[in-house]
There are 2 protein chains.
Amino acid sequence: MQKYFISSNELENKLITSDDVFHIKNVMRGRVGDKIIVSDGTSSYIAKLTVIGNKEVAFDILEERDGNPELPFFISIFQGYPKGDKIEDVIKHGTELGVYEVVPTLMKRSVFKLDPKKKDSKLERFRKIAKEAAEQSDRSYVPVISDIKNLKEIDFSEYTTKIICYEESAKNGELTQFKKCVKNIKENEKVAINVGPEGGKDESEINYLLSKGFVCAAVGKRILRTETVVFYCLSAISYEWELK
Amino acid sequence: MQKYFISSNELENKLITSDDVFHIKNVMRGRVGDKIIVSDGTSSYIAKLTVIGNKEVAFDILEERDGNPELPFFISIFQGYPKGDKIEDVIKHGTELGVYEVVPTLMKRSVFKLDPKKKDSKLERFRKIAKEAAEQSDRSYVPVISDIKNLKEIDFSEYTTKIICYEESAKNGELTQFKKCVKNIKENEKVAINVGPEGGKDESEINYLLSKGFVCAAVGKRILRTETVVFYCLSAISYEWELK
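What counts, and where the lines are drawn
Residues numbered from 1 in each chain as written. Chains lettered and ligands numbered in written order. Predicted model: local features only at pLDDT ≥ 70, side-chain atom pairs only at ≥ 80, totals over all residues. Heavy atoms only, no water. Least-squares fit on C-alpha atoms with pLDDT ≥ 70 in both. Contact = heavy atoms within 4.5 Å. Patch = residues over 30% accessible without salt bridge, like charges linked within 9 Å, V, L, I, M, F, W, Y side chains within 5 Å. Areas by Shrake-Rupley, 256 points an atom, 1.4 Å probe, with all protein chains shown as cover. Salt bridge = Lys/Arg side-chain N within 4 Å of Asp/Glu carboxyl O. Helix = DSSP H or I, 4+ residues; strand = E, 2+ residues; numbered from the N terminus. Buried < 20%, exposed > 50% of the residue type's maximum accessible area, 1.4 Å probe, protein only. Arc of directions from axis to C-beta. Buried area = accessible area lost by both parts, 1.4 Å probe. Polar contact = N/O pair within 3.5 Å; in protein donor to acceptor, adjacent residues only side chain to side chain. Nonpolar A, V, L, I, M, F, W, Y, C, P; charged D, E, K, R; others polar. Pairing = 2+ DSSP bridges. Axes fitted to C-alpha atoms, helices over the stretch in contact; angles between N-to-C directions.

On to the relation of the copies chain A and chain B. Superposing chain A onto chain B requires a rotation of 180° together with a translation of 0.0 Å along the rotation axis, leaving an RMSD of 0.0 Å. Expressed as an axis order, the relation between the two copies is that of a two-fold axis. Looking at the rotation axis and the C-alpha trace of chain A, the residue lying nearest is A236 of chain A, at 2.4 Å. Most of the interface of chain A is mirrored in chain B: 100% of its interface residues are interface residues there too.

In C-alpha cells, the structure reads:
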C-alpha cells in the first residue's frame, strides 16, 4: 500500500487536496475501494478511497496501524555540501535509512556556491524528495531538511553524541570510536554526525568540531565517497539497534 | 594518492600503457615526481612518476604498502536486475563497501530486458565502474562483475552463508536472521546475498532459493529501495567485522 503524508486538516476532513491527488489518480491509478495509508506524521491509518476527483480525493478510515518503524533516537546528518546532486541521494537514501534531520552544511572545501535566488526552490525540492522517500519507505514522519547553514553558525549544544566521520582516522587504523559511540547512544538522545564534502575537512574545521565535543571516527577500512559515508553510518546504526 | 590497478606486465616493466595514461596526464594532471599507488590486484606499491608521455607513463617503485582493506570473506551480491542505471550505483557503492562480486541477476519481476547486442558493452561499462570505484576506495582488488544470469542458472553450491533480503520479513517483524547470519560468517567463506528488483520477489523464487539453502532476513524496520538494501548489508557487515 502506498503511504501519503497529509495535513492534520486533510486527515480531519478525510479529504486530500494536495499534489497527492495527482499521484493517487494518475501515478498509482487509484480506484474507489483501493486502500492507501495516510499519516499526519503522528499516527498512521489504513484508509479506503471513496471519491476520486480531479482536485480532491475522499477516503474512509478503516483502522489505525501499529508498529513504529523509527530509530529510538534522533540522528542529524550535517552533510558538508557536496558536488552535483549528491545531496539529493543523501536525503533520499538517508530518509529510507531512518535519518531524523539533514542539514546541508557549507564547509571550506564545499565546491558548491549558494545562489541566494535559488535557495528556496532548492530547499523545496529537497523537502519533496524527503517526503516521497518517507512515503515509499513507510516512515512515520518526514525528516527535517534544514536551511543551508555555514558550519560555524550551527549550535551543537543540544547534541550529546557527536561524531566526525574522518578519512584520516581510517588511514591511521582507528577502528574503535564509531562502534563505541553507536553502542552508547541513549533513547531519545540527539545525535550529530558530520560528513565532509568530497575534498574532506580542513584541519581548522576538525579542531573547531573537536572543541564542540565531537570525536573523530573511521567507518570501515576503505575510503568512501561522501554519500556512501552517510549510508554506512545509518545502516550500521540500524543494524546495531534494530536487529536483534 | 590516486590508485591505479595495472597489469602484472605493466608492473614488471614499470610502465603504464593503458587508458590510465590519459587519467594520470589529463585528469590528475600528474607531473614527474608525483606519487601514485599501483597495484596488480595482489600487492600495492607507492610509486613515483618518472616519465609522462602521451601513450605511456613510467614510474619507480618506492615501497610496498602494508595493510589489508578487505573483508575476511567473500561477499557476492546477486542483484535482481533493477530499472534504469541503479545497477551502476550498486556496483559503485558496493565496491567501496567491500563487495567481492556482483552478479546482475534476471528475476521474474525485473523490468529490464536483455538486448544481446548491448550485453558486452554493458558489462564493459560495469567493469570500468568497478575498477574506478576500487581505485578511488583503495581496494586491494577490483570486484568481479559476472555475466548477466538468470536466477535459476546460478550454482549456489559453493556458498555456505546464503541470505535473501526480504521485505515481507520486515513487515512481519522478523529482526533476528540477518544479524545471526552475519555474526556466523567464517573466515574465507563465500557468502551469497540475494536482493530483489523493485517489484520484489515472486513466491516461486523465494521457494527456489529456500530449497537452495537460503534464509529470509529483514534489514531494518523500514522499506528500502533495492540499491539501498545492498548498501545496508555491506555497511552492516563492515560494522560487525571491521570495527572493534
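Residues and elements named next belong to chain A. A cluster of nonpolar residues, F22, V27 and M28, forms a patch on the protein surface that exposes about 300 Å² of accessible area. For V27, the position within the fold is in helix α2 (residues 20-27). The exposure class assigned to V27 is partly exposed, which follows from its relative accessible area of 48%.

Residues and elements named next belong to chain A. Along α2, the residues classified as buried are D20, V21 and I24. One face of α2 carries all of its buried residues, which in axial projection span an arc of 115°. Packing partners of the buried residues in α2 comprise β1 (3-5), β2 (15-16), β3 (35-39), β4 (44-52), β5 (57-64) and α4 (116-136). In the segment just after α2, R29 is the residue with positive phi, at about 50°.

Taken together, the contacts link 39 residues of chain A with 39 residues of chain B. Roughly 3700 Å² of surface becomes buried between chain A and chain B when both sides are summed, with 55% attributable to carbon and sulfur atoms. Viewed at the interface, chain B and chain A are joined by four salt bridges. Where chain A touches chain B, the interface holds 32 residue pairs in polar contact (both at pLDDT 80 or more). Every element with two or more residues in the side of chain A that touches chain B is listed here: α3 (86-96), α6 (177-183) and α8 (226-242) of chain A. Take the side of chain A that touches chain B: its biggest share by element is 10 residues, from α8 of chain A. Grouping the amino acids of the side of chain A that touches chain B by side-chain chemistry returns 14 nonpolar, 11 polar and 14 charged.

To summarise the sheet geometry, strands pair through backbone hydrogen bonds and adopt either a parallel or an antiparallel arrangement. All names here are of chain B. Spatially, β1-β3-β4-β5-β2 is the arrangement adopted by the five strands of the open sheet, whose pairing is mixed. Two strands bound the open sheet, and with one partner strand each, they are β1 (3-5) and β2 (15-16). Across three bridges, the pairing between β1 and strand β3 (residues 35-39) is parallel. The partner of F5 across the bridge, within β3, is S39. Running over the sheet, helix α2 (residues 20-27) touches β1, β2, β3, β4 (44-52) and β5 (57-64) and is turned about 165° from β1.

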